[in-house]
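# A look at the structure
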Amino acid sequence: MSAKIISGKDVAAEIRAELKEETAKLIADKGVTPGLVTILVGADPASMSYVTAKQRAAKELGFHSIQDSQPADISEEDLLALVEKYNNDPAIHGILVQLPLPKHIDETKVLFALDPDKDVDGFHPVNVGRLMIGDAKFLPCTPFGIQQLLIRSGTKTEGAEVVVVGRSNIVGKPIANILLQKADGANATVTVCHTRTKNMEEHTRRADILIVAAGFPKAITADMVKEGAVVIDVGVNRVGEKESVKTPGKMVAILEGDVDFDAVKEKASAITPVPGGVGPMTITMLMFNTLKSAKLAAGLTE
Ligand code: GUN
């Protein structure tokens, strides 16, 4: 059996169409335009391309969007002052500080400095805590996107055995928390595996839903997957370069996920591709959170 492909590209397009309509309605009814600022420190090529994609998505939805690029040697003090400026700017409803930050800046300090009501990444400890107790305001975008992929692909999470591979603050921990909540699109039994897990395959083979954010290619091979499992691949690994089809002469990265896609797709019932799986969902849920923040600022409850 070859698995159904869960296209993040298609699901993201469906959600963005909904968001575009809601944005136009918010502007027409309340005169409030959702505002998003993306702060980029330095010029890491991967971070630059993520931020560019976030800006493009915001503009396409009709948001007020600002790209604030800062040099790699900006002081921590100046970056904190910049965050404070946007905390106090009423035209801005969402602030995103692209991670990772340069080594001389304390990332935690910067995330703590964000106004939790503008923290559309869901990384501020107040928002992390709210998620944990089942009263989330902004869900972190990648795990939120994974949950939407499961819901919109008709994957039942209630009572499902979910195994998460990876325990990062951005993906592993929050997706585990989201899926174990007593809520629709959740109610799962969740196991989290990590670099110190013994006999990882004994866990992954039990999974009805396997979510992989391990950080290296082919971390999950076909023998580690149960027949009929739903597999969500969060990995993005640059495994080489090729010439662009759109722009001949230009070299572009060859991307691969953390799952041995060709072999695992013969065993799974559904699987996300890389690229075109989880990636487009992350940006889409950032737009969702920014619109939500703007609606709350306009006095709407949802
Ligand atoms: N770096 C990698 N993923 C993310 C993300 O979701 N948000 C931010 N701010 N930085 C990231």
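About the criteria used
Residues numbered from 1 in each chain as written. Predicted model: local features only at pLDDT ≥ 70, side-chain atom pairs only at ≥ 80, totals over all residues. Heavy atoms only, no water. Pairing = 2+ DSSP bridges. Helix = DSSP H or I, 4+ residues; strand = E, 2+ residues; numbered from the N terminus. Axes fitted to C-alpha atoms, helices over the stretch in contact; angles between N-to-C directions. Contact = heavy atoms within 4.5 Å. Buried < 20%, exposed > 50% of the residue type's maximum accessible area, 1.4 Å probe, protein only. Near = heavy atom within 4 Å. Polar contact = N/O pair within 3.5 Å; in protein donor to acceptor, adjacent residues only side chain to side chain. Areas by Shrake-Rupley, 256 points an atom, 1.4 Å probe, with all protein chains shown as cover. Nonpolar A, V, L, I, M, F, W, Y, C, P; charged D, E, K, R; others polar. Expected span 1.5 Å × (residues − 1).

## Here's the deal with the sheet that holds strand β2 (residues 35–41)
Read across the sheet, three strands follow the order β3-β2-β4 without closing on themselves; strand pairing throughout is parallel. Each edge of the open sheet carries a strand with a single partner, namely β3 (64–70) and β4 (94–97). Adjacent strand axes in the sheet meet at a mean angle of 15°, parallel and antiparallel pairs treated alike. In terms of strand pairing, β2 meets β3 through seven bridges, oriented parallel. Its bridge partner lying in β3, Val-37 is registered against Ile-66. Lying over the sheet, helix α2 (residues 45–60) contacts β2, β3 and β4, oriented at roughly 170° with respect to β2. Along the sheet, helix α3 (residues 76–87) makes contact with β2, β3 and β4, crossing β2 at roughly 175°.

## Some points on the environment of Ala-136
By the secondary structure assignment, Ala-136 is in the loop between α5 (125–132) and α6 (141–152). For Ala-136, a relative accessible area of 32% corresponds to the partly exposed category. Those residues within four positions of Ala-136 in sequence are excluded, and the remaining contacts are Arg-130, Leu-131 and Lys-292.

## Thoughts on the site of the ligand
Around the ligand lies a shell formed by Leu-96, Val-97, Gln-98, Leu-99, Asp-121 and Phe-123. Val-97 has a polar backbone atom sitting 2.8 Å from a nitrogen atom of the ligand. A distance of 3.3 Å separates a nitrogen atom of the ligand from a polar atom in the side chain of Gln-98. Considering the ligand on its own, with 280 Å² of exposed area, one finds that the protein chains cover 84% of that surface. Its residues assigned to classes, the shell around the ligand comprises four nonpolar, one polar and one charged.

## Describing α2
Taking 1.5 Å per residue, 16 residues should reach 22 Å; α2 reaches 23 Å between its end C-alpha atoms and fits that length. Listed in full, the buried residues belonging to α2 are Ser-47, Val-51, Ala-53, Lys-54, Gln-55, Ala-57 and Ala-58. Packed against the buried residues of α2 are α1 (8–30), β2, β3, β4 and α10 (278–297). One or two residues past the end of α2 sits Gly-62, with phi positive at roughly 90°.

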